[in-house]
Amino acid sequence: MGFRWLSQRCFNAIHQSNLVYNTCWEDPHLDRQALELRPSDTVCLITSAGCNALDYALQQPAEVHAVDLNPLQNALLELKITAIRYLDHADVFQLFGLGRHPDWRHLYYDQLRPNLAKRWCWVWDRRINFFDGSHRRRSFYFRGTSGLFAWLINRYLDRSAELRSAVTALLNADSIEHQREIYSRYDVDRLLFNRPMRWMLRRDTTMAMLGVPRSQRMQIERQYPGGIAEFIQDRIRHVFQNTSLKQNYFWRVYLTGAYTPQCCPEYLKRENHGRLRGGLLDRITTHTSSISQFLRDHDGAISRFVLLDHMDWLYERSPEALQLEWQAIVNRATDSARVLWRSAAMNVDFVDPLEVKIDGRSTVVGQLLRYKSDLSSRLHVADRVNTYGSFYIADLQKDAA
């Protein structure tokens, strides 16, 4: 009990008042296929770093509501929106593609800050060096808590010229077959997964820096042979040997601190800059709130929910809050709503038994969900990030109660 309390205190200390995620680690290419967004759809998602909210907006749904309890995550999305609206593409890519800009302070004070709401200005006033390259962690993608871990990993890679050469060769390989040949030739397993690395991957502090609470880690420990360290190693092996790294911008930015124009999120591509400025940004609103509170306060119906992996957190820390969240989802959902979520666990068994009420009648969530199991299985295998244990797509049919 004491160790769990200490672990939670560590997680809270790292996350309170900190920017946790500087980039999204959920593959929107899969989400676009899973969501099947229509012009009439209204999307509710957890903000994270805001990349995917911008990606969804490019699909032109009616509204995109980005919701996060951490105001700094919403501040990051608002900064991205303001940058796209008031800067040219070259400056936006310098900031959020390369992670730093030599003229950042002038851009911020002259063009961005005057157009940011005051509640976001205080965030970036206090973090003015996140984008100017003056800190020893020169890239924005090495800032924040997950960024600190990425920086430490890059320091680790740079300690071995052979390992850094292997990673560079993998990122530049022209085919999966070439990646496998490089992985074998350099013996990446030996170089990367030594004893200190395996020890570090088992630490709660390490996982907290990545935004993984102890509850998620323990789900993997219980369900995956070899526990968390083996899970991470297997995931990295799969990415390096079975997914094309040429278009895997998630791992590129993590392993180098920057994107390239050819390998980056959709919102950073030149052809999408004008589209976003042309009115699509107006469809995005941010809300500093829990999902439950947002849904209780929101007047309209929601047809698409993207819940990331936060139910893993709620299930072990506050099951009552999880039940209330699903009640709020049921209350606010349209008749043709779809819900997406991910989990660290190989199999989620805590959603279906949750009790909710519809028109005063009690039922369980599992009675209302129609899982798209074939689609989710096919998409999960194609995930370029490959850090989650499972992926769920389900239609919510309230008339099934």
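Our subject in this report is the structure included herewith. (Residues numbered from 1 in each chain as written. Predicted model: local features only at pLDDT ≥ 70, side-chain atom pairs only at ≥ 80, totals over all residues. Heavy atoms only, no water.)

### Things to note about the overall build of the chain
Part 1 of the reasoning: Looking only at helices and strands, the chain features 22 helices and nine strands.
Part 2 of the reasoning: Taking 21 Å as the expected radius of gyration for a compact globule of 401 residues, we find that the chain reaches 21 Å, a close match to that expectation.
Part 3 of the reasoning: Here the chain holds 401 residues, and the buried ones make up 58% of them.
Part 4 of the reasoning: About 17,300 Å² of surface is accessible on the chain, with carbon and sulfur atoms providing 50% of the total.
Part 5 of the reasoning: Averaging the coordinates of the 52 positive side-chain charges in the chain and doing the same for the 45 negative ones gives two points 5 Å apart. (Helix = DSSP H or I, 4+ residues; strand = E, 2+ residues; numbered from the N terminus. Rg over C-alpha atoms; globule rule 2.2 N^0.38 Å. Buried < 20%, exposed > 50% of the residue type's maximum accessible area, 1.4 Å probe, protein only. Areas by Shrake-Rupley, 256 points an atom, 1.4 Å probe, with all protein chains shown as cover. Lys, Arg positive; Asp, Glu negative; His and termini not counted. Charge placed at Lys NZ, Arg CZ, Asp CG, Glu CD.)

### Here we look at the packing of aromatic side chains
Part 1 of the reasoning: Considering all chains together, one arrives at 23 aromatic pairs under this definition.
Part 2 of the reasoning: Plain terms: the ring middles of tryptophan 124 and phenylalanine 130 are 6.5 Å apart, the flat faces sit at 70° to each other, and that makes the pair edge-to-face.
Part 3 of the reasoning: Since its relative accessible area comes to 1%, tryptophan 124 is described here as buried.
Part 4 of the reasoning: Both rings, one in tyrosine 141 and one in tyrosine 259, keep their centres 5.3 Å apart while their planes meet at 75°; by these two values the pair is edge-to-face. Here the residue tyrosine 141 occupies a position in the loop between α7 (118–125) and α8 (144–158), and tyrosine 259 occupies one in the loop between α16 (249–256) and α17 (270–277), the gap between them amounting to 118 residues.
Part 5 of the reasoning: An aromatic cluster of at least three residues, connected via ring pairs, comprises Phe96, Trp104, Tyr108, Tyr109, Trp124, Phe130, Phe131, Phe140, Tyr141, Tyr249, Phe250 and Tyr259. (Phe/Tyr/Trp six-rings, centres within 6.5 Å; stacked < 30°, edge-to-face > 60°.)

### Some points on the sheet that holds strand β4 (residues 302–306)
Part 1 of the reasoning: Across the sheet, seven strands lie side by side as β3-β2-β1-β4-β5-β9-β8; this open sheet has mixed pairing. A strand with exactly one partner marks an edge of an open sheet, and here the two such strands are β3 (284–288) and β8 (369–371). Sheet twist, expressed as the average angle between the axes of neighbouring strands with direction ignored, equals 20°.
Part 2 of the reasoning: Both strand β1 (residues 42–46) and strand β2 (residues 63–68) contribute to a ladder of five bridges, which runs parallel. (Pairing = 2+ DSSP bridges. Axes fitted to C-alpha atoms, helices over the stretch in contact; angles between N-to-C directions.)

### Remarks on the environment of serine 336
Part 1 of the reasoning: With respect to the secondary-structure elements, serine 336 resides in strand β5 (residues 333–343).
Part 2 of the reasoning: C-alpha of serine 336 to C-alpha of arginine 304: the two residues are 32 residues apart in sequence and 8.8 Å apart in space.
Part 3 of the reasoning: Dropping the residues within four chain positions of it, serine 336 is found in contact with Arg38, Ser303 and Arg304. (Contact = heavy atoms within 4.5 Å.)

### Structural notes on α7
Since one α-helical turn is 3.6 residues long, residues separated by three or four positions face the same way.
Part 1 of the reasoning: Within α7, the full set of buried residues consists of Trp120, Cys121, Val123 and Trp124. Down the axis of α7, the buried side of the element spans an arc of 160°, and every buried residue falls inside it. Turned more than 90 degrees away from the buried face of α7, the exposed residues are Lys118 and Arg119. (Arc of directions from axis to C-beta.)

### Focus on the environment of glutamine 219
Part 1 of the reasoning: As for its placement among the helices and strands, glutamine 219 is situated in helix α14 (residues 214–223).
Part 2 of the reasoning: Here the alpha-carbon distance between glutamine 219 and isoleucine 302, two residues 83 residues apart in the chain, equals 30 Å.
Part 3 of the reasoning: Look past the residues within four positions of glutamine 219 in its chain and what remains in contact with it is Asp312, Glu316, Ser343, Ala345 and Phe350.

### Let's talk about the pattern of salt bridges
Part 1 of the reasoning: Counted by the stated rule, this structure contains 19 salt bridges.
Part 2 of the reasoning: A salt bridge links aspartate 31 to arginine 342; its shortest N-O distance comes to 2.8 Å. You can see aspartate 31 sitting in helix α2 (residues 28–35) and its partner arginine 342 sitting in strand β5, a full 311 residues away along the chain.
Part 3 of the reasoning: Relative accessible area serves as the criterion here: at 0%, aspartate 31 is assigned to the buried category.
Part 4 of the reasoning: When salt bridges that share partners are traced, they join Glu36, Arg338, Lys372 and Asp395 into one network. (Salt bridge = Lys/Arg side-chain N within 4 Å of Asp/Glu carboxyl O.)

### Details of the side chain of serine 146
Part 1 of the reasoning: Tracing the backbone shows serine 146 in helix α8.
Part 2 of the reasoning: Judged by its relative accessible area of 10%, serine 146 is buried.
Part 3 of the reasoning: A polar side-chain atom of serine 146 sits 2.5 Å from the main-chain carbonyl oxygen of valine 20. (Polar contact = N/O pair within 3.5 Å; in protein donor to acceptor, adjacent residues only side chain to side chain.)

### Some words on the nonpolar core
Part 1 of the reasoning: One finds Phe96, Trp124, Phe305, Trp326 and Trp341 to be the most contacted residues of the largest nonpolar core, which totals 131 residues.
Part 2 of the reasoning: Tallying contributions element by element places helix α4 (residues 71–86) first for this core, with eight residues.
Part 3 of the reasoning: For tryptophan 124, the residues in contact, after removing those within four places along its chain, are Ala75, Leu76, Leu79, Tyr108, Leu116, Phe130 and Phe131. (Core = buried A, V, L, I, M, F, W, Y, C linked by side-chain atoms within 4.5 Å.)

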